[in-house]
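Chains, contacts and geometry: an overview
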Amino acid sequence: MSKKKKKKETTIENYYDLKVDKVDELVAILKNETPTDTTEVSYDVKECIGTEAYEQGEETEYKKSKDKQFNPYKLDRLSRIPTWIKAFIIKFWFAGLVCYLIGMGLGSIITNDENRIILTGIVLGIVVDVLANPAMRYFQSADREYDAYMMFPFPFTKFWTFFANVAYYVVVAFAVNYAYAGLNMLIDVINGTVGSNNINVGVEPLLYGVFCLLIDMAFIGIKDLIVYLVRKKRKNKEEEQSV
């Protein structure tokens, strides 16, 4: 028994080697002294990946650019685009796509305007919940900066958001239809043809995407304002109770 115990202790003792030089470097840094190892870390791409791998590799961004230094903290071009621009593009593109596939694509099959608007809203809600919102969650960081551009900023595992988005975007689809009607009425007023019920501007993906984006963000802004006021009131109550 004593031999086995002694052998086990020796194995553990040999396994954990104390890096004395690293401890000295740490102490020197804490004392604002110059450490013994003053070797600078190289960010040259050839030294990082090896000269042979660099020469035999494909034409990378570093080989094409004049700057041959590797920067692990460098942001890519997509990360430099502001969050609101990326969110607006995603929402606009998906709304225009649904308009093209459903609103225009099924226009000859579904002749009733109300049924077509409802179907467009249902499909748009499904697309937003399944594609658009997960895409924005994929881009966002720990700060959750894309939550401000979602009506229901909850994880996809919350299945109730699927039905909530469908119902919500049906409302948005009707609001977009009223926006088209208001635009046509405004054009009639300008042209002096009020009451003629002319279709001056028809439904097409680009303007539909713009209307959908504006109305969607207006509703989200109202929701965010309500949430802010509720949280502020709750915080004031907690502060009053704590006093």
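What counts, and at which threshold
- Residues numbered from 1 in each chain as written.
- Predicted model: local features only at pLDDT ≥ 70, side-chain atom pairs only at ≥ 80, totals over all residues.
- Heavy atoms only, no water.
- Salt bridge = Lys/Arg side-chain N within 4 Å of Asp/Glu carboxyl O.
- Helix = DSSP H or I, 4+ residues; strand = E, 2+ residues; numbered from the N terminus.
- Buried < 20%, exposed > 50% of the residue type's maximum accessible area, 1.4 Å probe, protein only.
- Patch = residues over 30% accessible without salt bridge, like charges linked within 9 Å, V, L, I, M, F, W, Y side chains within 5 Å.
- Areas by Shrake-Rupley, 256 points an atom, 1.4 Å probe, with all protein chains shown as cover.
- Polar contact = N/O pair within 3.5 Å; in protein donor to acceptor, adjacent residues only side chain to side chain.
- Contact = heavy atoms within 4.5 Å.
- Axes fitted to C-alpha atoms, helices over the stretch in contact; angles between N-to-C directions.
- Parallel < 35°, antiparallel > 145°, perpendicular 65-115°, else oblique.
- Left-handed = near helix turned anticlockwise from the far one by under 90°.
- Nonpolar A, V, L, I, M, F, W, Y, C, P; charged D, E, K, R; others polar.
- Phe/Tyr/Trp six-rings, centres within 6.5 Å; stacked < 30°, edge-to-face > 60°.
- Expected span 1.5 Å × (residues − 1).
- pLDDT = per-residue confidence, 0-100.
- Core = buried A, V, L, I, M, F, W, Y, C linked by side-chain atoms within 4.5 Å.

1. Quick word on the pattern of salt bridges
Evaluation of the coordinates by the stated rule reveals four salt bridges. Measuring nitrogen to oxygen at the nearest pair gives 2.6 Å for the salt bridge that ties Lys 91 to Asp 216. A residue pair is termed long-range when its members are at least 10 positions apart, and Lys 91 in helix α7 (residues 83-104) and Asp 216 in helix α10 (residues 205-242) qualify at 125 residues. Accessibility classification places Lys 91 together with Asp 216 in one group, the buried group. In this structure, Arg 144 and Asp 147 form a salt bridge, with 2.7 Å as the shortest nitrogen-oxygen distance.

2. A short note on unusual backbone geometry
Residues other than glycine seldom take positive phi values, yet Arg 144 does so here, at roughly 55°. When you line up the elements, Arg 144 lands in the loop between α8 (113-139) and α9 (160-191).

3. Side note on a nonpolar patch on the surface
Together, Trp 93, Leu 97, Tyr 100, Leu 101 and Met 104 make up an exposed nonpolar region whose accessible area comes to about 520 Å². What makes Trp 93 exposed here is its relative accessible area of 51%.

4. Brief notes about the side chain of Thr 120
Structurally, the position occupied by Thr 120 is in helix α8. A distance of 2.7 Å separates the side chain of Thr 120 from the backbone oxygen of Arg 116, its partner in a polar contact. Once you skip the residues sitting within four places of it in the chain, Thr 120 turns out to touch Val 98, Ile 102, Gly 103 and Tyr 208.

5. Looking at the packing of α9 against α10
Where α9 contacts α10, the axes come no closer than 9 Å and their chain directions differ by 120°. With respect to α10, the element α9 is oriented oblique. Here α9 and α10 pass one another in a crossing that is right-handed. Residues Tyr 168, Tyr 169, Val 172, Ala 173, Ala 175, Val 176, Ala 179, Tyr 180 and Leu 183 of α9 form the contact with α10, whose participating residues are Leu 207, Tyr 208, Phe 211, Cys 212, Ile 215, Asp 216, Phe 219 and Ile 220. Partitioning the contact of α9 with α10 into residue classes produces 16 nonpolar, no polar and one charged.

6. Quick look at the packing of aromatic side chains
Applying the stated criterion across every chain yields a total of 10 aromatic pairs. With 6.0 Å between their ring centres and 85° between their planes, Phe 88 and Tyr 149 make a pair best called edge-to-face. Here Phe 88, found in helix α7, pairs with Tyr 149, found in the loop between α8 and α9; they are 61 residues apart in sequence, far enough to count as distant. The class for Phe 88 is partly exposed, based on a relative accessible area of 26%.

7. Some details on the packing of α7 against α10
Angle between the axes and distance between the axes: these two values describe a pair of packed helices. Contact geometry of α7 with α10 gives a least axis separation of 8 Å together with a crossing angle of 125°. Comparing their axes, α10 and α7 come out oblique. Crossing of α7 over α10 shows right-handed handedness. Residues Phe 88, Lys 91, Phe 92, Ala 95, Gly 96, Cys 99, Tyr 100 and Met 104 of α7 touch α10, and the partners they reach there are Pro 205, Leu 206, Tyr 208, Gly 209, Val 210, Cys 212, Leu 213, Asp 216, Met 217 and Ile 220. Per-class residue counts for the contact of α7 with α10 are 14 nonpolar, two polar and two charged.

8. Re α7
If you check α7, its first and last C-alpha atoms are 30 Å apart, about what 22 residues at 1.5 Å a residue would give, namely 32 Å. Within the span of α7, buried status applies to Lys 86, Ala 87, Ile 90, Lys 91, Phe 94, Ala 95, Gly 96, Val 98, Cys 99, Ile 102 and Gly 103.

9. Here's the deal with the confidence of the model for the chain
With 70% of its residues at a pLDDT of at least 70, the chain reaches an overall mean of 78. Taken as a whole, residues 1-10 scores under 50 in pLDDT and shows zero contacts with residues more than four places along the chain or in a different chain.

10. Concerning the nonpolar core
Ranked by size, the top nonpolar core spans 33 residues in total, and within it Leu 124, Met 136, Tyr 168, Val 172, Val 176, Tyr 208 and Cys 212 carry the most contacts. Contributing elements (two or more residues each) for this core: α7, α8, α9 and α10. Of all the elements, α9 adds the most residues to this core, at eight residues. Each residue touching Tyr 208, except ones within four places of it in the same chain, is listed here: Ala 95, Cys 99, Thr 120, Ala 173, Val 176, Tyr 180 and Val 203.

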